[in-house]
Amino acid sequence: MELWYTEEHTDDVRFSIKVKEQLHSEQSEFQSIDFFDSYEFGKFFTLDGLMMVNEKDEFAYHDMIVHVPMATNPNIKKVLVIGGGDGGTVRELTRYASIEKIDMVEIDERVVRLSQKYLPITASKLEDERVNLYFEDGVAFVDGLEKAYDLILVDSTDPIGPGEGLFSKAFYDNCFRALTDEGILVNQHESPYYDRDAKEMKRSHSKIKKLFPVSKVYQFHMPTYPSGHWLFGFASKKYDPLKDADLDAWNKLGLKTKYYNTNIHIGCFMLPTFAQDMLDEV
Ligand code: SAM
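Residues numbered from 1 in each chain as written. Predicted model: local features only at pLDDT ≥ 70, side-chain atom pairs only at ≥ 80, totals over all residues. Heavy atoms only, no water.

Undergrad: Help me understand the site of the ligand in this model?
TA: What surrounds the ligand is a group of 26 residues, the closest being Gln-31, Glu-106, Asp-137, Gly-138 and Tyr-225. Side-chain polar atom of Gln-31 to an oxygen atom of the ligand: 2.9 Å apart, as the coordinates give it. At 3.4 Å from an oxygen atom of the ligand is found a side-chain nitrogen or oxygen belonging to Tyr-61. Of all the secondary structure elements, the ones that give two or more residues to the shell around the ligand are strand 4 (42-47) and strand 5 (50-54). No fewer than three residues from each of domain 1 (3-54) and domain 2 (58-281) sit in the shell around the ligand. (Near = heavy atom within 4 Å. Polar contact = N/O pair within 3.5 Å; in protein donor to acceptor, adjacent residues only side chain to side chain. Helix = DSSP H or I, 4+ residues; strand = E, 2+ residues; numbered from the N terminus. Domains from an automatic or database assignment.)

Okay, structure coming up:
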């Protein structure tokens, strides 16, 4: 018998992965969590029926959320990760000896505990001594913070369910206040390809653009997300990722990466015309 995991990327498009076995299934306080083992993508998990992380393409997402801002400002010392329960974003951050503190605020402790059990490839650095885990709502966590972080990474689910507030204007306002004068915000920015994702991309960009002096969007290839074309938002109070990044300094760190490199750092901000047009419209 063949087992297949199928996800609806739109009402009319489905994406399927042949599965070896389902490893775990539960309904947590916040969402349904399912872990699988598969032939092509290795172990993976879904939240409310949407692919989050798998062993095969997680490197693209985690390289791009972390190394783009870190190459832009190598003096980042205090970092806040919101969401990111699989631990992959924290894993990449811990590779920088210069970072002093990494706070991770994940609403659902079960995602972290299950990732530690089934996905050590991403969760392996959550015990680093610079990492502090908070099992709280990221929206409430940033409320009232003042100039506390040099970098905030919003490694969130889509804007439905517990992730909805992480795409609100009030949340972005609070992130702005929570950042130092040189602060950078990178957020999961959906995709320009299918209408539903493109709508969220535009809504997010229109809110952030009004707040931050520098507001750009960059792309990467994520085979298991709808259309495979995914974006992060880069917003900053001071640094421009193209003009200010010290790419030679980043190369001298000698970090070995599988997706990110300093050519991609420049290239990822060059968006296809249809995507750039949509962002320019808002
Ligand atoms: N790379 C993934 C993607 O874009 O599909 C995201 C991975 S990570 C697993 C997303 C995490 O955000 C989930 O574990 C979820 O529990 C968490 N999350 C959702 N809403 C949150 C909130 N309001 N505060 C903190 N964490 C939240």
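Continuing now.
Undergrad: What exactly am I supposed to notice about the packing of aromatic side chains here?
TA: The relative placement of two aromatic rings is captured by the distance of their centres and the angle of their planes. Per the counting criterion, the structure on display carries 20 aromatic pairs. Ring geometry for Tyr-5 and Phe-44: centres 5.3 Å apart, planes at 65 degrees, overall edge-to-face. Separated by 39 residues along the polypeptide, Tyr-5 in strand 1 (residues 3-10) and Phe-44 in strand 4 bring together distant segments of the chain. Neither residue differs from the other here; Tyr-5 and Phe-44 are each classed as buried. Measuring from ring centre to ring centre gives 5.1 Å for Tyr-134 and Phe-141, while their planes differ by 55 degrees; the resulting arrangement is tilted. Taken together, Tyr-61, Tyr-218, Phe-220, Tyr-225, Trp-230, Phe-232, Phe-234 and Phe-269 form an aromatic cluster joined through their ring pairs. For the cation-ring pair, Lys-18 lies above Tyr-39, with the distance from its terminal atom to the ring centre recorded as 5.6 Å. Above the plane of the ring of Phe-59 lies Lys-258, whose end atom (NZ or CZ) is 4.4 Å from the centre. (Phe/Tyr/Trp six-rings, centres within 6.5 Å; stacked < 30°, edge-to-face > 60°. Buried < 20%, exposed > 50% of the residue type's maximum accessible area, 1.4 Å probe, protein only. Lys NZ or Arg CZ within 6 Å of the ring centre and 35° of its normal.)

Undergrad: In this structure, what is going on with unusual backbone geometry? I would like to understand it.
TA: Note: most peptide bonds trans; most residues except glycine with negative phi. One non-glycine residue with positive phi stands out, namely Lys-147, at about 45 degrees. Of note, Lys-147 is situated in the loop between helix 5 (138-142) and strand 9 (149-155). Phi at Glu-190 is positive, roughly 60 degrees, even though this residue is not glycine. Counting through the fold element by element, Glu-190 comes out in the loop between strand 10 (179-188) and helix 7 (195-211).

Undergrad: What exactly am I supposed to notice about the sheet that holds strand 4 here?
TA: Two strands in a sheet stick together by hydrogen bonds in their backbones, pointing the same way (parallel) or opposite ways (antiparallel). Overall, antiparallel pairing links the 5 strands, which are arranged 1-2-3-4-5 in an open sheet. Each edge of the open sheet carries a strand with a single partner, namely strand 1 and strand 5. Across the sheet, the mean angle separating the axes of adjacent strands is 45 degrees when strand polarity is ignored. Note that strand 2 (residues 13-27) and strand 3 (residues 32-38) share 7 bridges and pair antiparallel. (Pairing = 2+ DSSP bridges. Axes fitted to C-alpha atoms, helices over the stretch in contact; angles between N-to-C directions.)

Undergrad: Sorry if this is basic, but what is going on with helix 7 here?
TA: Residue pairs spaced three or four apart in an α-helix point in one direction, given the helix's 3.6 residues per turn. In a regular helix each residue adds 1.5 Å, so 17 residues correspond to 24 Å; helix 7 covers 25 Å between its end C-alpha atoms and thus fits that length. Burial in helix 7 covers these residues: Asp-197, Ala-198, Glu-200, Met-201, Ser-204, His-205, Ser-206, Lys-207 and Ile-208. Those residues of helix 7 that are buried lie in contact with helix 6 (169-178), strand 10, strand 11 (214-221), strand 12 (229-236) and helix 10 (273-281). (Expected span 1.5 Å × (residues − 1). Contact = heavy atoms within 4.5 Å.)

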